[in-house]
Amino acid sequence: MSASSPILESNSPTGPIADRWANHRFDLKLINPANRRKFSVLVVGTGLAGAAAAATLAEQGYSVKSLCIQDSPRRAHSIAAQGGINAAKNYPNDGDSIYRLFYDTVKGGDFRARESNVYRLAEISNQIIDQCAAQGVPFAREYGGLLANRSFGGAQVSRTFYARGQTGQQLLLGAYSALMRQVASGGVELLTRREMVDLVTVDGVAAGVIARNLVTGEFERHSADAVLLCTGGYGNVFYLSTNAQASNVAAAWKCHKKGAFFANPCFTQIHPTCIPVSGKHQSKLTLMSESLRNDGRVWVPKDNTDRRTPSEIPEDARDYYLERRYPSFGNLVPRDVASRAAKAECDKGRGVGDSNLSVYLDFGDAIRRDGAPLIAEKYGNLFQMYEMITGENPYKTPMRIYPAVHYTMGGLWVDYNLQSSVPGLFVLGEANFSDHGANRLGASALMQGLSDGYFVAPATITAHLASGKVQRLNTDHPAFAEAEAEATARSSKLLGVQGGRTVESLHQELGQIMWDNVGMARTAEGLKGAISSIRSLREEFWNEVRVPGEASHLNPSLERAGRVADFMEFGELMAVDALAREESCGGHFREEHQSADGEAARDDENFSHAAAWEHKGIEQPKELHKEKLTFDYVQPSTRSYK
Amino acid sequence: MKLTLNIWRQAGPESEGQFETHALDGVSEDMSFLEMLDLLNQKLVMSGREAVAFDHDCREGICGMCSLVINGEAHGPVKGTTTCQLHMRSFSDGDQIVIEPFRAAAFPIIRDLVVDRSSFDSIIMAGGFISARTGSAPDGNAILVPKTDSDKAMDAAACIGCGGCVAACPNAAAMLFTAAKVTHLASLPQGQPERQSRVLSMVKEMDEQGFGNCTNERECEAACPKEISVATIAQMNRDYLKAAIFTD
Ligand SMILES: Cc1cc2nc3c(=O)[nH]c(=O)nc-3n(C[C@H](O)[C@H](O)[C@H](O)COP(=O)(O)OP(=O)(O)OC[C@H]3O[C@@H](n4cnc5c(N)ncnc54)[C@H](O)[C@@H]3O)c2cc1C
Ligand code: FES
């Protein structure tokens, strides 16, 4: 850590919060429609954020190039989102409003998000639903033909729109179809099976990227007047997470090394309802939608030596600990609270299953009350998925669940325009440090990705394009040759080690360090230990990794090795950030900072800021920049769910 | 458990491929099929060989990236399941398993078990969308959609674009994939303005991409991990006829 802490400016507009976005948009420069095609925009990633941005910018007339790792834009990790997307439509007439969604999000984020951004998000949420419905997203409907809503993630209003249990899929397919329409009309050049391996900057301004063609192995240079990074979150630093296998920090990390500040990396979301780990062979964890907590009751045996099967354990020998500790919210407490409570029970030895690392989620009462058919209608596909993975039937025996890494609130620091500290580099979706503060509420990530992609970036990109900083470089510039040479050298280095360990085993070991020390509960001692373990593991990685094959063909082992190498550097920053944040807030829980009854103790006096880290060389301490957070509307208070 | 795997290996699109046999021990029934392949790959790499290339990403049955023909069946023996959701408890100790890529003229092999399915993207580009410019949409509730229509749209929209239907079809036809998108959009009021031009150009593109013709084998429906119904094909055929008559 560094002693000096320069303050960071967010470029947030001031004035009444409800007018800020409209006023700001008016103040932004416009680019004449006929001139837009002269500007090239490179969009990296085709998840909700990237596909929406690429399609919209092309509609506006910019020359857009779009890159993704998968073989088709439709396969981005956003496809896996299940539960739904929030909007402040107040269709159910149950007291919702833009202000309430704004209020809930600021509070849910434990007062570590920027008010102006959150308000804008809540405001745009309504346009997103309109846009998606117009594209043909088959949202759930009522019999009269109106859009249906449900309450999700403990919200006290029904503001969540959904498409069965496949909301992310349907929203992404909507954005993908808009993108493909633009590819067909020539507005977007689409390059699939491409991995961005470096950002190219000239005089500190983004000028393009180096990408690897994953099929031929060739490195390609792509220049652009602005680069939009929409590459998702970094949950896979934990090895096991609910993220897709290709989800990575590599692109964001390369931008960080080229000058983009990384903000709040320690803010990660651990989701309470996932299928527990079954063994060392496990490659990913599967989320069981949060909606299950609407009807399922969470419990463990009171006596930690009780080894009876769940049906043999009578009511009075069960501890419904969420209902006991949080009588008013019960099983519907926010994710961070529910996850920590499950860990606390397992730490006390009351966990169930072979590993003692799970708790019961019991539908017995709901089935007795509503009947199995009604429960099947609500959760049938989830029950089926559970049975497919575990071989157990949740209609007959309680599900076993355990928290798993799910989402990352931290990311590259951006100002109100979503521009990073590198001019010309914009960051959208989960890749930015975003609007969720220290804890994201359910159904808010899809909203943010689409808000950034369809509405915010297409308006704010002129903050750079019309700024006079655009350099109009082509790929002959020496900066491209230099970045390409570095990328080539790195890939040869990875292939050259030919050590004694597989990429997976090294990644798994890193994940264990992260989970044990930078997971649900953190201590200064554990974090310091983690920092030194990560450093030695990083060294071991570069001495011991074995990557088969060559760079000149499709080589999944090499791709993975490159991504894991970046996690080995990034993990350390997460621990450094968690160590510096001497408070507990949202998903960040420092055991030294808790109330008498074990709740998170926030320190607004010293930590009401976003921590944005500047890279100074891999073995050098990072420099911390603080963006002070001010709350003009929602006064910070202690979150209480009792 | 212990298995014998017969796996297709092919260095590149132009190379000749062949089956390779591997004995694999230490497979647990809790593993997913892809985790079993991970285990094989770790062993191969540590013994100085190259890992078998296969496509995968979400590993929960939704991205459509995983493929594989397992013992002659696209996505393996369990109905309504993608390869990544298939678990080893569906197999027994001592089993021999044959693993091949999805084979179709329109899905050229890139390497080992990885194929190029960009022909599907081309079909979508030809018209698998509703032209709705960002920012110009009316209120979400301005257009009512009867629940039965929206359910029908959702049934078809559940397609994950994996290509299992093509791999299962004796003619390597892409009818189910194309029909699923046509039916999704044709079921909604928002999809009506482009309904006729959409079906004509998507079917044309399907043919141009080198997919085969439908001879009503219904293998596509049986293999579909999302259990998309062949009723969508009937819908597409009706729409196509109507559109062809009206535009001529
Ligand atoms: C199982 C699950 C369920 C969820 N459910 C919900 C929900 O119900 N509601 C909700 O609001 N949120 C949910 N979320 C969170 C939400 O899905 C994600 O936060 C969001 O979809 C992220 O979108 P994105 O566009 O930022 O990134 P992603 O969808 O992750 O897309 C990243 C894109 O970047 C590309 N990419 C990455 N690295 C590179 C590189 N180096 N070079 C080139 N391309 C690259 C990828 O190919 C991909 O196209 C869920 C998440 C998970 C894991
Ligand atoms: S890996 Fe995503 S569907 Fe199988």
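Q: Honestly, the sheet that holds strand E17 (residues 425-427) of chain A in this entry has me stumped. Any pointers?
A: Whether parallel or antiparallel, the strands of a sheet pair through hydrogen bonds between backbone atoms. Residues and elements named next belong to chain A. One open sheet holds the five strands; their spatial order is E5-E2-E1-E9-E17, and the pairing between them is parallel. Every other strand in the sheet has two partners, leaving strand E5 (188-191) and E17 as the edge strands with one partner each. Across the sheet, the mean angle from the axis of one strand to that of its neighbour is 20°, orientation sign disregarded. Where strand E9 (residues 226-229) and E17 come together, three bridges link them in parallel fashion.

Q: In this structure, what is going on with the interface of chain A and chain B? I would like to understand it.
A: Where interface size is quoted, it is often the accessible area lost as the parts come together. The partner chain B presents 71 residues to the 72 residues of chain A that form the contact. Approximately 5900 Å² of surface area, both sides summed, lies buried where chain A meets chain B, with 55% of it carried by carbon and sulfur atoms. Counting across the interface, chain A meets chain B through six salt bridges. Here Asp 71 of chain A ties to Arg 117 of chain B by a salt bridge, and the two come within 3.4 Å at their closest N and O atoms. At the surface where chain A touches chain B, the tally comes to 40 residue pairs in polar contact (both at pLDDT 80 or more). For the side of chain A that touches chain B, the secondary structure elements donating two or more residues are helix H3 (48-60), helix H5 (115-135), helix H6 (167-184), helix H11 (372-390), helix H12 (445-460), strand E18 (501-502) and helix H17 (556-580) of chain A. In terms of residue count, the dominant contributor to the side of chain A that touches chain B is H6 of chain A (nine residues). For the side of chain A that touches chain B, the per-class residue count stands at 28 nonpolar, 27 polar and 17 charged.

Q: Help me understand a nonpolar patch on the surface in this model?
A: All names here are of chain A. On the surface, Tyr 99, Tyr 103 and Tyr 633 cluster together into a nonpolar patch covering about 270 Å² of accessible area. Relative to the elements of secondary structure, Tyr 99 occurs in helix H4 (residues 98-108). Note on Tyr 99: relative accessible area 35%, which makes it partly exposed.

Q: Before we go on, may I ask you to explain the site of ligand 1 in this structure?
A: Residue and element names in this part refer to chain A. Around ligand 1 lies a shell of 37 residues, among which Gln 70, Ser 78, Met 196, Glu 430 and Leu 446 are the nearest. Between ligand 1 and Thr 46, the relevant distance is 2.9 Å, taken from an oxygen atom to a main-chain nitrogen or oxygen of the residue. Ser 78 is positioned such that a nitrogen or oxygen atom in its side chain is 2.5 Å from an oxygen atom of ligand 1. Summarising the interface, the protein chains cover 98% of the accessible area of ligand 1, which totals 1000 Å² for the free molecule. Of all the secondary structure elements, the ones that give two or more residues to the shell around ligand 1 are H3, strand E6 (194-202), strand E15 (399-408) and H12. With three residues, E6 is the single largest residue contributor to the shell around ligand 1. For the shell around ligand 1, a count of residues per class yields 16 nonpolar, 17 polar and four charged.

How each quantity is defined
- Residues numbered from 1 in each chain as written.
- Chains lettered and ligands numbered in written order.
- Predicted model: local features only at pLDDT ≥ 70, side-chain atom pairs only at ≥ 80, totals over all residues.
- Heavy atoms only, no water.
- Pairing = 2+ DSSP bridges.
- Helix = DSSP H or I, 4+ residues; strand = E, 2+ residues; numbered from the N terminus.
- Axes fitted to C-alpha atoms, helices over the stretch in contact; angles between N-to-C directions.
- Contact = heavy atoms within 4.5 Å.
- Buried area = accessible area lost by both parts, 1.4 Å probe.
- Salt bridge = Lys/Arg side-chain N within 4 Å of Asp/Glu carboxyl O.
- Polar contact = N/O pair within 3.5 Å; in protein donor to acceptor, adjacent residues only side chain to side chain.
- Nonpolar A, V, L, I, M, F, W, Y, C, P; charged D, E, K, R; others polar.
- Patch = residues over 30% accessible without salt bridge, like charges linked within 9 Å, V, L, I, M, F, W, Y side chains within 5 Å.
- Areas by Shrake-Rupley, 256 points an atom, 1.4 Å probe, with all protein chains shown as cover.
- Buried < 20%, exposed > 50% of the residue type's maximum accessible area, 1.4 Å probe, protein only.
- Near = heavy atom within 4 Å.

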